[in-house]
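Fold and geometry: a report
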Amino acid sequence: MTAKSAPELLSALRSFEKGKVVSAKEAVALIRDGDTVATGGFVGIGFAENIAVALEERFVDSARDDPHGIGSPRDLTLVYAAGQGDGKERGLNHLGYKGLVSRVIGGHWGLVPKLQALAVANQIEAYNLPQGVITHLFRDIAAGKPGQLSRVGLGTFVDPRFGGGKINERTTNDLVLLTEVGGEECLLYKTFPIDVGIVRGTTADPDGNITMEREALTLEALAIAMAARNSGGIVIVQVERLAERGTLNPRQVKIPGILVDCVVVAEKPEYHMQTFIEPYSPAFSGEIRVPMTGLKPMELSERKIIARRAALELKPNAVVNLGIGMPEGVASVAAEENVIDLMTLTAEPGIVGGIPAGGLNFGAATNTQAVIDQPYQFDFYDGGGLDLAFLGLAQADRLGNLNVSKFGPRLAGAGGFINISQNAKEVVFVGTFTAGRLRVAVEDGKLRILDEGGARKFVAAVEQRTFSGEYAVRRKQPVLFITERCVFRLGAEGLELVEIAPGIDLERDVLQRMDFVPVVRQAPALMDERIFRPGPMGLRELLLAIPLDRRLSYDPEQNVFFINFERLTVRNQHDVDEVRAEVERRLAPLGKKVYAIVNYDNAVILPEIVGAYTEMVRYLMDRYYWGVTRYSTSSFLRVKLGDALTERGVAPHIYESAEEARDHLRELEQKSAP
């Protein structure tokens, strides 16, 4: 389509009364053979279903009426960022016809099996680029830039050295180039004109001003509209209702009318559902807030075990991203443990705060703090704004490379995975250890494998590199791989086995189920036993607790070691070992003994672990302390710990106040000298 033909075609459709309002059939008649069409949406949110149905009908009907069976329009280039479909018939699956599209540039392919089939059969040119990159490309196209410079994708299958995002042999044109800026490697993603932009809003006036008050997300609708407009193309917007001229609040207008050519009012309610399973939820649009009470906890399955272990990586005040699938369990555990308020959960399409939804509602959220445009969310992500990301684990290799995008003939696509995993300050990959019909049981706090999964996930080399372990190591990015039976940490030598579940046999259940031998420096630590017990783990108390390394301090002038165990809870041998290791780490390098003051105010030492704790105290006193004085306002702890120390030949000296403890310390100083 040429720029000058658009006004001629549109002028015939417009009148003063109707303005830019046309039918879906009239709107798609403007799309010409060979056009590049950009669509907005996230799963089913914000997707213009009515327009897609009308475009499909036009192609099918014209092919039926043509003597040679050739439909129209033909040979479209389709560009989209997030997956837009239900995995069956809806969304971009309406466009999955050979001849209708000849090239697809998409961020995610898993929800569009009909397009996926064309790509896998080598019937169309097909690219998979990072979702965030495509959202930014729309802005760059609008700004008339020749390309987008980014580090996103380096070392992955998007890097030209590893395929350049090309999906099949038919695809030969390079959309991604490797370049350098100031001696640093970068990727240059080429821009291209957009002939047709298809997006969605809630309300339009006859002049084409668009608001989105009932939409769950705003996405990249404005960026697409501006890209098409500045490329000389047309913009089609689907809405659910019309307003009179001059009645829309200008602060609520998300797409100004100067960018819009056609407004299509949805012909059926099912063409304008808020998500593909939710006609309309006022909670998703932020119209109301809903109570978070009454959420049913997950059953103690392999999914909950993984989610619980992952949740132990949460930190107060962290900004967190949760991926789709297995990572969704982390939100469920966080809600059960009442820690949602201690951090900010986000989702890549623009959600900030609240509880992300799952399944075909994924992308929406309840009780959000804000909903921003998707390109801005990826600005935040790409710049390192995420403190922690939880993402799926489908296939990993010895070097820590991860594949979640391609498995034989099945093309899932990367979505926002590359942007998120590469740029989060810390990343945690979560998934079962094997794939297939895995069945496990938890008995007496121990994990037992009932039926092993039929497919291995830890392989010699991943089929496609969606995450580069080498790039992460070079950037010193902390990376964990969490499964139901063990935990790996990424290091300079590759995957290192650091934890194992109670009840799991290292050789039989782990090493024999891997295609490579991981780094094992010492016997793996046992995963926290609370993960495998019914009932809450006490995660809120754990997150609010002062970290152990901040509880200890040394005054070299007085040679006094201060230990603040206020509100500390010692539950098990692991906690005891952590205390001993941290004290030794601080005191061993001094090469001399110290005086110590310990604050046990409101501390809790579980009865079953008091014996091990007091043995640890005696060990430390023999090696590092000239003398120790303790205090606690808890009479129970003074008596219980005092008796245990006395039984082991250690004078307790547990006083009721810090002042009494200091007085005793002065007595010790007078009686002994270092």
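Anything mentioned here points back to the structure above.
Now for a description of the structure that goes with this document. (Residues numbered from 1 in each chain as written. Predicted model: local features only at pLDDT ≥ 70, side-chain atom pairs only at ≥ 80, totals over all residues. Heavy atoms only, no water.)

1. A word on the overall build of the protein chain
This is how it is decided: In this description a helix means any DSSP run of H or I spanning at least four residues, a strand means any run of E spanning at least two, and both kinds are numbered starting from the N terminus. Working definition: with a 1.4 Å probe on protein chains only, accessible area under 20% of the residue-type maximum means buried, over 50% means exposed, and in between means partly exposed. Contacts between residues were defined by any pair of non-hydrogen atoms, one from each residue, lying within 4.5 Å. Areas reported as accessible are Shrake-Rupley estimates using a 1.4 Å probe. Residue values count occlusion only from the protein chains shown.
When you go through the protein chain residue by residue, the secondary structure sums to 17 helices and 42 strands. The buried share among the 674 residues of the protein chain stands at 56%. In the protein chain, 74% of the contacts between residues at least 6 apart in sequence involve partners at least 24 apart. When the accessible area of the protein chain is evaluated, it comes to approximately 28400 Å², of which 51% is carbon and sulfur surface.

2. Section: helix H5 (residues 131-142)
Defined as follows: One less than the residue count of a helix, multiplied by 1.5 Å, gives the span that helix is expected to have.
The terminal C-alpha atoms of H5 lie 17 Å apart, and with 12 residues this matches the ideal 16 Å at 1.5 Å per residue to within 8%. Within H5, 11 of the 12 residues are buried, which leaves it mostly tucked inside the rest of the structure. Of all the positions in H5, only Gln131, Gly132, Val133, Ile134, Thr135, His136, Leu137, Phe138, Asp140, Ile141 and Ala142 are classed as buried. One or two steps after H5, the chain reaches Gly144, where phi turns positive at roughly 75°.

3. Observations concerning unusual backbone geometry
The phi torsion of most residues other than glycine is negative, and most of the peptide bonds are trans. The omega torsion of the bond from Ser72 to Pro73 falls at 0°, within 30 degrees of zero and hence cis. In this structure, Pro73 sits in the loop between helix H3 (49-65) and strand S3 (76-80). The backbone of Asn317 shows a phi angle near 70°, a positive value even though the residue is not glycine. Structurally, Asn317 is set in the loop between helix H7 (302-311) and strand S16 (319-322). Look at Asn317 and you get exposed, because its relative accessible area is 69%.

4. A short note on the environment of Pro282
By the element assignment, Pro282 lies in the loop between strand S15 (262-265) and H7. It is 8.9 Å that separates the C-alpha atoms of Pro282 and Ala216, two residues lying 66 residues apart in sequence. Filtering out sequence-adjacent residues up to four positions away, Pro282 remains in contact with Glu287 and Ile288.

5. A few points about the pairing of strand S32 (residues 479-482)
Put simply, the test is: Only when DSSP finds a minimum of two bridges between them are two strands counted as paired.
Residue alternation in S32 divides its side chains into two sets, Val479 and Phe481 and Leu480 and Ile482, and both sets are buried. Bridging between strand S27 (residues 426-430) and S32 involves 4 bridges; their strand directions are parallel. The residue of S32 that forms the bridge with Phe429 is Phe481. Between S32 and strand S33 (residues 486-491), which pair antiparallel in sequence order, lie 3 residues.

6. Concerning the packing of H5 against helix H9 (residues 374-382)
Spelled out, the test is: Orientation is described by axes fitted as lines to C-alpha atoms, over the contacting stretch for helices, and by angles from 0 to 180 degrees between their N-to-C directions. Each angle gets one of four labels, with under 35 degrees taken as roughly parallel, over 145 as roughly antiparallel, 65 to 115 as roughly perpendicular, and the rest as oblique. Handedness of a helix crossing follows the sense of rotation of the near helix relative to the far helix, less than a right angle counterclockwise being left-handed and clockwise being right-handed. Think of it as three bins: nonpolar holds Ala, Val, Leu, Ile, Met, Phe, Trp, Tyr, Cys and Pro, charged holds Asp, Glu, Lys and Arg, and polar takes everything else, Gly as well.
Orientation of H5 relative to H9, taken along the N-to-C sense of each, is 125°, at an axis distance of 9 Å. If you check the angle between H5 and H9, you find them oblique. Relative to H9, H5 is oriented so that their crossing is left-handed. For the pair formed by H5 and H9, the contact residues are Gln131, Gly132, Thr135, His136 and Arg139 on the first element and Gln374, Pro375, Tyr376, Phe378, Asp379 and Asp382 on the second. Grouping the amino acids of the contact of H5 with H9 by side-chain chemistry returns 3 nonpolar, 5 polar and 3 charged.

7. Observations concerning the packing of helix H14 (residues 573-587) against helix H15 (residues 610-624)
Two elements in contact, H14 and H15, have axes separated by 10 Å at closest approach and are oriented at 10°. Classified by the angle between their axes, H14 and H15 sit roughly parallel to one another. Residue-level inspection shows Gln573, Val576, Val579, Arg580, Val583, Glu584 and Leu587 of H14 in contact with H15, the latter providing Ala612, Tyr613, Met616, Tyr619, Leu620 and Tyr624. When the residues that make up the contact of H14 with H15 are grouped by side-chain class, the tally is 10 nonpolar, 1 polar and 2 charged.

8. A short note on the pattern of salt bridges
In a structure, side chains of opposite charge can pair up when their charged atoms sit close to one another. Here is the rule: The working definition used for a salt bridge is a side-chain nitrogen of Lys or Arg within 4 Å of a carboxyl oxygen of Asp or Glu.
All chains considered together, the criterion is met by 35 salt bridges. With a closest N to O distance of 2.6 Å, Arg439 and Asp451 form a salt bridge. With Arg439 in strand S29 (residues 439-443) and Asp451 in strand S30 (residues 446-451), this pair connects stretches of sequence that are 12 residues apart. Across the salt bridge formed by Arg585 and Glu582, the nearest N and O atoms sit 2.6 Å from each other. Taken together, the residues Arg585 and Glu582, both in helix H14 and 3 residues apart, mark about one turn of the helix. Each of Glu452, Glu484, Arg485 and Arg513 takes part in a single network of salt bridges with overlapping partners.

9. With respect to the side chain of Asp373
Just so we agree on the cut-off: For the charge count, each Lys or Arg is scored as positive and each Asp or Glu as negative, with His and the chain ends excluded.
As for its placement among the helices and strands, Asp373 is situated in the loop between strand S21 (370-371) and H9. Nearest to the buried, unbridged Asp373 among oppositely charged side chains is Lys254, at 5.8 Å. Not counting residues up to four positions away in its chain, the partners in contact with Asp373 are Thr218, Leu219, Leu222 and Pro349.

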